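# Structural overview for review
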Amino acid sequence: MSLVSTQKEHPMSDPLGEEKRYLREHLEEFSRQHPGKYLLIKGSQLYGAFETYEAGVIAGAKQFGQGPFLVRSVLQPDDAESPSIPALSIGVPLVAHP
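Anyway, here's the lowdown on the structure attached to this text. (Residues numbered from 1 in each chain as written. Predicted model: local features only at pLDDT ≥ 70, side-chain atom pairs only at ≥ 80, totals over all residues. Heavy atoms only, no water.)

Pairing is possible between side chains that carry opposite charge, provided their charged atoms lie close to one another. Counted by the stated rule, this structure contains 3 salt bridges. For the salt bridge of Asp14 with Lys20, the shortest nitrogen-to-oxygen distance reads 3.5 Å. The class of Lys20 is partly exposed, set by a relative accessible area of 25%. Glu51 serves as the salt-bridge partner of Lys37, at 2.0 Å between the closest nitrogen and oxygen. One end of the pair, Lys37, is in the loop between helix 1 (17-33) and strand 1 (38-42); the other, Glu51, is in the loop between strand 2 (45-50) and helix 2 (53-64), with 14 residues separating them in the sequence. Classification of Lys37 as partly exposed rests on a relative accessible area of 22%. (Salt bridge = Lys/Arg side-chain N within 4 Å of Asp/Glu carboxyl O. Buried < 20%, exposed > 50% of the residue type's maximum accessible area, 1.4 Å probe, protein only. Helix = DSSP H or I, 4+ residues; strand = E, 2+ residues; numbered from the N terminus.)

See the structure below:
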C-alpha cells in the first residue's frame, strides 16, 4: 500500500490559490506598475492598486461581498500575516451559527 496520494489536490484546500498563483506569475510586472501598493486580486484579474491594505480590503468587500479575494503588498507578496478573512479587517464581526 502506498502512502503517497495520487489524487489531485482538492480545489478548496486553498480558497485563494488561484489569486496567489496569479500574483506570483505577474509580480515583476505589478512591482514596476504599482510600486509599494497593495493589490486587490480576484481570480486571475487585478482589480486595483491601493495605498493601504485597509483601502484594498474595503474596495474588495464592496465589490465582492463576503466572497474570497486577495489583498497583498507588491513588496511582501508572501506575507503570511495578512488576514485571510477580509471581513475582520473592516470590523465585520463573525458569528457562529448553531
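This part takes up the packing of aromatic side chains. Applying the stated criterion across every chain, the model contains 4 aromatic pairs. The interplanar angle of 70 degrees and the centroid separation of 6.2 Å between the aromatic rings of Tyr38 and Tyr53 together place this pair among those described as edge-to-face. Of this pair, Tyr38 sits in strand 1 while Tyr53 is found in helix 2, placing the two residues 15 residues apart along the sequence. Here Tyr38 falls in the partly exposed class, since its relative accessible area comes to 24%. Using a relative accessible area of 11% as the deciding quantity, one classes Tyr53 as buried. Its end group placed over the ring of Phe64, Lys42 keeps NZ or CZ at 5.7 Å from the ring centre. (Phe/Tyr/Trp six-rings, centres within 6.5 Å; stacked < 30°, edge-to-face > 60°. Lys NZ or Arg CZ within 6 Å of the ring centre and 35° of its normal.)

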